[in-house]
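Structural overview for review
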Amino acid sequence: MTKTQKPELTKQEQFIRNHLRHHHQIAFLRTLIFFAVLVLWESSATLGWIDSFFFSSPSRIVRCFLEQLKTNSLIMHVGITLYETIISFLLVILCSLLIATALWYSNHLSEVLEPYLVILNSLPKSALAPLFIVWLGTGMKTIIVAGMSVAIFGSIISLYTGFQQVDSEKITLIYTLGGKKRDAFFKVVLPGSVPTLLSTAKVNIGLALVGVIIGEFLAAKRGLGYLIIYGSQVFQLDMVITSIIILCLIALGFYKFIQLIEHRIRIKFKM
Amino acid sequence: MQNILELRNISYSYHSLHGETKALSNISFGVREGEFVAIVGPSGCGKSTLLSIIAGLLVPEQGTILVNNPDGSLHYPRIGYMLQHDHLFEWRTVYRNMTLGLELHHQLTPEHLALVDRLLEQYGLNKFRDKRPSELSGGMKQRAALIRTLALEPQLLLLDEPFSALDYQTRLFVSSDICRLIRQTGKTMIIITHDLSEAISLADRIIVLSGRPAVVKNELPVSLTLTDDSPLAARNAPEFQQLFNRLWEDMTHDKNTKT
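Residues numbered from 1 in each chain as written. Chains lettered and ligands numbered in written order. Predicted model: local features only at pLDDT ≥ 70, side-chain atom pairs only at ≥ 80, totals over all residues.

As a further point, take the overall build of chain B. Within chain B, the secondary structure is distributed over 9 helices and 9 strands. In terms of C-alpha radius of gyration, chain B reaches 19 Å, essentially the compact-globule figure of 18 Å for 259 residues. The C-alpha extent of chain B, read off along each of the three principal axes, is 50 × 40 × 40 Å. The burial tally for chain B puts 39% of its 259 residues in the buried class. Taking all contacts inside chain B whose residues are at least 6 apart in sequence as the whole, residues at least 24 apart take part in 73%. (Helix = DSSP H or I, 4+ residues; strand = E, 2+ residues; numbered from the N terminus. Rg over C-alpha atoms; globule rule 2.2 N^0.38 Å. Buried ≥ 20, exposed ≤ 12 C-beta atoms within 10 Å, placed from the backbone. Contact = placed C-beta atoms within 7 Å.)

Listed below in structure tokens is the structure:
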């Protein structure tokens, strides 16, 4: 092989080339794993290494998905789960912002409530679900509350911690300029906590989904959680696995959505 | 000239469950109008506490501060306070950082904003008004912080080691730059520093505090023969070394200071 006549690359061009190569490699390996799993799964099912009645297979999942689209109202189930998750997520963000603000305003309140928050946060929230059913019935209300219960206490704690970590000298600055405590909150603490708020949101959207699915397991006639329970009861494991895969996609979608908002805000505030 | 502000026997202690820590003990001194006073002392001696008391952020346990305005009025002078860091908010533009004080006082009126615009122009920051603070150099950030302070038209400026976060070279330029700008406004200034040469080169009078609990150890008037107005001019003045040695003496021969 003869050496090409191409001019030597500059260090900068080399750097960019290496950078791109690295990214292509990562993307390639990710795709490879995805297809390898698909092929392995499908062939194990076809060759009889696993029983596709219990373990399903990619082709059965696609078939099930298309059937469900036609006959059953899959879109309705997905829509219900999405709706419940988004509502409970928004309520979690709103409530935890309000409560964390109250805790920040009053040291008394935060000191008094601290042990209760810690206990409620470490309590397995699924234990509360039966209570919600008794109190609120088996409707959407129960499921939204179940979704909130999983995320809210952790959210309050991390927002409040974020509020407290704002540089105290910046708050002093507000006082030296003649501001009051509410100015310190609205001009420093709240805008300074936007990164905390975003990372809390990222965690909470996932937790809200967990809570909603738990709720649907126990108290729903609609939604992906219901579909999973129903599928396992009638031994339609294709339906169960299809629902789980849709859940994966929903979780990914939510995460990407928050990431997009985060990116927008970072650009806007050049953070 | 008369003292516009006079501290009389100011004492202050911090309290905790482990006991009482006396920070200031019987501090008395006066500040004349238009004067630059530097307060030096060993670290942790309560300099910042003293400044917070003058600013009204802390209430002294004992002692009084007398106000003596030239026009005979009795209102406490409006205070401008500059902290150790510029604390410009990254989520605001440079301009909106400068108008923060006016915003807090609900004074975003055309005449107040005109002052901000004039200072922006004068301090060469006009083309950075819509930028973010992180795009400014260290010196420009300090100028921006100064505009934020001056926008409220304070009569007395308090500077709490305002240049200590800067590297040495920048610090030499910025400290003389900022103090020159403040001199132009004719305002009174009290600056805290632990840098003796900074105190000598910037102030008209230096008040030396002892270690905790702080008492006034000495008051030294500064008058330097200056050849030009470069940051190094004061340090090259013939009187500089002598003053420095006296301050050094005062600071190190202190039974309260552990070195």
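Now that the structure has been shown, we can carry on.
All names here are of chain B. With respect to the helices and strands, Thr-49 occurs in helix H1 (residues 47–55). A count of 21 C-beta atoms within 10 Å places Thr-49 in the buried class. Residues Thr-49 and Leu-66 lie 17 residues apart in sequence; the distance between their C-alpha atoms is 18 Å. When sequence neighbours within four positions are dropped, the list of residues in contact with Thr-49 reads Tyr-12, Ala-23, Leu-24 and Leu-58.

Next up on the list: the interface of chain A and chain B. The interface is formed by 16 residues belonging to chain A together with 14 residues belonging to chain B. Of all the secondary structure elements, the ones that give two or more residues to the side of chain A that touches chain B are helix H8 (168–176) and helix H9 (181–192) of chain A. When residues of the side of chain A that touches chain B are assigned to their parent elements, the largest contribution, 7 residues, is made by H8 of chain A. Its residues assigned to classes, the side of chain A that touches chain B shows 7 nonpolar, 4 polar and 5 charged. (Nonpolar A, V, L, I, M, F, W, Y, C, P; charged D, E, K, R; others polar.)

Looking now at the nonpolar core. Core analysis: the biggest nonpolar cluster contains 119 residues, and Ala-208 of chain A together with Ala-38, Ile-39, Ile-147, Leu-158 and Ile-190 of chain B have the highest contact counts within it. Not counting chain neighbours up to four residues away, the residues in contact with Ile-147 of chain B comprise Met-98, Val-116, Leu-119, Leu-120 and Tyr-123 of chain B. (Core = buried A, V, L, I, M, F, W, Y, C linked by C-beta atoms within 7 Å.)

We now examine the sheet that holds strand S1 (residues 3–16) of chain B. Note on sheets: strands pair through backbone hydrogen bonds, and any given pair is parallel or antiparallel. Residues and elements named next belong to chain B. Taken together, the 3 strands give an open sheet; going across it, the order is S2-S1-S4, and neighbouring strands pair in antiparallel fashion. The open sheet has two free edges, formed respectively by strand S2 (19–32) and strand S4 (62–67), since each of these has just one partner strand. Adjacent strand axes in the sheet meet at a mean angle of 15°, parallel and antiparallel pairs treated alike. The sheet contact formed by S1 and S4 spans 5 bridges and is antiparallel. Paired with Glu-6 across the strands is Leu-66, a residue of S4. Helix-sheet contacts for H1 involve S1, S2 and S4, and the interaxial angle to S2 is about 60°. (Pairing = 2+ DSSP bridges. Axes fitted to C-alpha atoms, helices over the stretch in contact; angles between N-to-C directions.)

Should the pLDDT be low somewhere, the predicted coordinates at that spot are not to be read in detail. Residues of chain B with pLDDT of at least 70 account for 95%, and the chain-wide mean is 83. The complex prediction reports pTM at 0.82, with the ipTM value standing at 0.81. (pLDDT = per-residue confidence, 0-100.)

So, on to the packing of H8 of chain A against H9 of chain A. All names here are of chain A. Running from amino to carboxyl end, H8 crosses H9 at an angle of 130°, the nearest separation of the two axes being 9 Å. By the angle between their axes, H8 is oblique relative to H9. Where H8 crosses over H9, the handedness of that crossing is right-handed. Residues Lys-170, Ile-171 and Ile-174 of H8 form the contact with H9, whose participating residues are Asp-183, Ala-184, Lys-187 and Val-188. Here the contact of H8 with H9 is built from residues that sort into 4 nonpolar, no polar and 3 charged. (Parallel < 35°, antiparallel > 145°, perpendicular 65-115°, else oblique. Left-handed = near helix turned anticlockwise from the far one by under 90°.)

On to the packing of helix H7 (residues 140–164) of chain A against helix H10 (residues 194–219) of chain A. Residue and element names in this part refer to chain A. Interaxial distance between H7 and H10 falls to 6 Å at its minimum, and their mutual angle equals 155°. Between H7 and H10, the interaxial angle falls into the category roughly antiparallel. Crossing of H7 over H10 shows right-handed handedness. Split by residue class, the contact of H7 with H10 holds 13 nonpolar, 11 polar and 1 charged.

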